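# Tertiary structure, described
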Amino acid sequence: MNNFTYYTPTKVVFGKKAEEQVGALVKEQGCKKVLVHYGGSSAKKSGLLDRVTASLEAEGISYVMLGGVVPNPRLALVRKGIELCRQEGVDFLLAVGGGSVIDSSKAIGYGTANEGEVWDFYEKIRKPAACLPVGAVLTIAAAGSEMSHSCVITNDEEKNWKKKGCSSDLGRCRFAVMNPELTMTLPEYQTQSGCVDIMMHTMERYFNRVENMELTDGISENLLRTVMKNARILMDDPENYDARAEVMWAGSLSHNGLTGCGTDGGDWACHQLEHELGATYDVTHGAGLAAVWGTWARYVWREKPDRFLKFARNVMQVQEMESDEKTILAGIEAMEAFYRSIHMPVNLRELGISGLTEEEIQDLAYRCSYQETRTIGCIKKLGRKEIADIYRLAQ
Ligand code: NZQ
Ligand code: ZN
């Protein structure tokens, strides 16, 4: 087991009617003015936004509103938020929505609390030295941003859009309000993309090069089986509270660092492959991950067969075959069959990206390798050529 630091400062308020506590939770933070940040229409339509603002008003907390966050949240709106926070003297950000709204809030927090160009933090030119405090009322179980140190923003200001992350403990949410009932209005595609993303946050960590992590592996394997079981239940019964609750809590635990304790950090190649697809084709993050995972797994498993064997046995629970290779491949196929069963894509065509030319594949790979300045993944280090191979094979 490797040395590690585990830091999860987010206060979690979980369960039915949890959002009624939001005013009191914000008050605890001792702030003067809140920016309530939200997405397109769902939080308005469900009445959640009204309930949240009523809770703030009941505590005598003043606030301003900024909606319009879209999936793959855009830098242009982040800039608008920073301007508004400075004008209004905002000192707390309340995200009401999913990963996109939370990430947009974190980015506004970085941009407001630091001088200079906010995109620098995503280009890794410099690190944020501060962030306005952020709290979240979560409406979709997926990205795990409510407990993660990560924030992913899409720069829509250049011809080729860029989707990049900034990771810092400064941006971690002070609190996360999680009522599983709020996720019952999600369309099936978003629920299931969310389940894939949750699983991938654990799988990216599970596929690593460190041995002897019995406890971390056990937590990960259980989390993955639990999400699969409950994702299937939600296909037929989207209003099943317990299934929503299991998935929602898994979403936070999957990305708060718990399933990475003692590892080397994990592989993360699929996330990088997806981020390029997200920037170029604006696809839903979890669905994009499902579309590349199987191809990635077949491309890299020979570099660490014991890990893939453990995955096949303990997560996918496949029958032992006559050779390890067959068991491993059966494990990969079983995961793809699971993705299909929850109506998730297992290749780019099913994701809605078809007929990529070789030039387009090379361009994607060039950008994903940051103009050939980096490799991605740890199971197998992938440079531009290998990245292009995976995009080509994933069609
Ligand atoms: O805008 P509205 O109308 O709210 O619609 C949203 C959006 O269209 C809808 N939705 C959310 N809650 C709903 C609902 N619809 C009905 N009922 C509800 N209760 O769902 C759609 C997706 O929302 P979004 O916030 O985009 O989902 P998600 O949480 O999957 O976030 C995706 C973003 O997070 C990033 C992704 O790359 C992507 O940009 N990620 C962030 C991470 C992090 N910060 O730690 C890690 C992840 O790996 C990921 O990269
Ligand atoms: Zn993700």
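These notes cover the structure that comes with them. (Residues numbered from 1 in each chain as written. Chains lettered and ligands numbered in written order. Predicted model: local features only at pLDDT ≥ 70, side-chain atom pairs only at ≥ 80, totals over all residues. Heavy atoms only, no water.)

With that settled, the discussion passes to the overall build of the protein chain. When helices and strands are counted, the protein chain shows 15 helices and eight strands. For 395 residues, the compact-globule formula gives about 21 Å, and the C-alpha radius of gyration of the protein chain, at 20 Å, lands near that figure. Principal axes of the C-alpha set define a box for the protein chain whose edges measure 70 × 45 × 40 Å. Within the protein chain, the proportion of its 395 residues that are buried is 59%. Long-range pairs, those at least 24 residues apart, make up 78% of the contacts in the protein chain between residues at least 6 apart in sequence. Element-wise, carbon and sulfur atoms account for 48% of the exposed surface of the protein chain, whose accessible area totals about 16100 Å². (Helix = DSSP H or I, 4+ residues; strand = E, 2+ residues; numbered from the N terminus. Rg over C-alpha atoms; globule rule 2.2 N^0.38 Å. Buried < 20%, exposed > 50% of the residue type's maximum accessible area, 1.4 Å probe, protein only. Contact = heavy atoms within 4.5 Å. Areas by Shrake-Rupley, 256 points an atom, 1.4 Å probe, with all protein chains shown as cover.)

Here the focus is the site of ligand 1. Contacts to ligand 1 come from 32 residues, most closely from Gly40, Ser42, Gly99, Ser100 and Ser148. Lys163 has a polar side-chain atom sitting 2.8 Å from an oxygen atom of ligand 1. Within the side chain of His285, one N or O atom sits 3.1 Å away from an oxygen atom of ligand 1. Coverage of ligand 1 by the protein chains reaches 88% of its 950 Å² of free accessible surface. Mapped by element, the contributors of at least two residues to the shell around ligand 1 are helix H5 (99-113), strand E6 (150-155), helix H6 (188-206) and helix H9 (269-281). (Near = heavy atom within 4 Å. Polar contact = N/O pair within 3.5 Å; in protein donor to acceptor, adjacent residues only side chain to side chain.)

Within this structure, the stated rule accounts for 27 salt bridges. Arg126 is the salt-bridge partner of Asp120, the closest N and O atoms lying 3.0 Å from each other. The partly exposed category is assigned to Arg126, whose relative accessible area is 29%. Here Lys380 and Glu303 are joined by a salt bridge, their closest N and O atoms 3.7 Å apart. Here the residue Lys380 occupies a position in the loop between helix H14 (358-368) and helix H15 (384-393), and Glu303 occupies one in the loop between helix H10 (285-300) and helix H11 (305-315), the gap between them amounting to 77 residues. Classification of Lys380 by relative accessible area gives partly exposed; the value is 24%. Glu303 sits in the partly exposed class, given a relative accessible area of 38%. (Salt bridge = Lys/Arg side-chain N within 4 Å of Asp/Glu carboxyl O.)

With that settled, consider the coordination of the zinc ion (ligand 2). Protein coordination at the zinc ion (ligand 2) comes from Asp197 (OD), His201 (NE2), His271 (NE2) and His285 (NE2), with a distance range of 2.0 to 2.2 Å. The sequence motif formed by the donor residues of the zinc ion (ligand 2) is D-x3-H-x69-H-x13-H. A residue pair is termed long-range when its members are at least 10 positions apart, and Asp197 in helix H6 and His285 in helix H10 qualify at 88 residues. (Donors = N, O, S within 2.8 Å, 3.2 Å for Na, K, Ca; no water.)

Right, let's talk about the pairing of E6 for a bit. Across the six residues that make up E6, a large majority, six, are buried. Where burial is concerned, the two faces of E6 agree: the one with Ser150, Val152 and Thr154 and the one with Cys151, Ile153 and Asn155 are both buried. In this structure, E6 lies alongside strand E7 (residues 162-167), joined through six bridges in antiparallel fashion. Opposite Thr154, over in E7, you have Lys163 as the bridge partner. Between E6 and E7, which follow one another and run antiparallel, lie six residues. (Pairing = 2+ DSSP bridges.)

Here we come to the side chain of Arg74. Mapped onto the secondary structure, Arg74 falls in the loop between strand E3 (62-66) and helix H4 (75-88). The residues contacting Arg74, other than those within four sequence positions of it, are Ile153, Thr154, Asp156, Trp161 and Asp282.

A separate point is the sheet that holds strand E5 (residues 134-138). Pairing is parallel in the open sheet, where six strands are placed in the order E1-E8-E5-E4-E2-E3. In this open sheet, the two edge strands, each paired with only one partner strand, are strand E1 (11-14) and E3. The mean angle between the axes of side-by-side strands here comes to 20°, regardless of whether they run parallel or antiparallel. Where strand E4 (residues 92-97) and E5 come together, five bridges link them in parallel fashion. Bridge pairing links Val96 to Val137 in E5. Relative to E3, H4 is tilted by about 160°, and along the sheet it contacts strand E2 (33-38), E3 and E4. (Axes fitted to C-alpha atoms, helices over the stretch in contact; angles between N-to-C directions.)

Bringing the packing of aromatic side chains into the picture now. According to the stated counting rule, one finds 13 aromatic pairs in the structure shown. Summarising the aromatic geometry, the rings of Phe14 and Trp249 are spaced 6.0 Å apart at their centres and angled 65° between planes, so their arrangement reads as edge-to-face. Remark: Trp249 occurs in helix H8 (residues 241-255) and Phe14 occurs in strand E1; sequence separation between them is 235 residues. Note on Trp249: relative accessible area 35%, which makes it partly exposed. Judged by centre distance (5.7 Å) and plane angle (70°), the ring pair of Phe207 and Trp296 falls under edge-to-face. One end of the pair, Phe207, is in the loop between H6 and helix H7 (214-236); the other, Trp296, is in helix H10, and 89 residues separate them in sequence. For the pair shown, Phe207 and Trp296 are each scored as buried. An aromatic cluster is present here, built from Tyr206, Phe207, Trp293, Trp296, Phe308 and Phe311 joined pairwise through their rings. When the ring centre of Tyr370 is taken as origin, the NZ or CZ atom of Lys164, which lies over that ring, is 4.0 Å away. (Phe/Tyr/Trp six-rings, centres within 6.5 Å; stacked < 30°, edge-to-face > 60°. Lys NZ or Arg CZ within 6 Å of the ring centre and 35° of its normal.)

Glancing now at H11. Turning to H11, its buried residues number three or more, namely Arg307, Phe308, Leu309, Phe311, Ala312 and Val315. Next to the buried residues of H11 lie H6, H7, H10 and helix H12 (324-341). At the exit of H11 stands Gln317, carrying a positive phi of roughly 50°.

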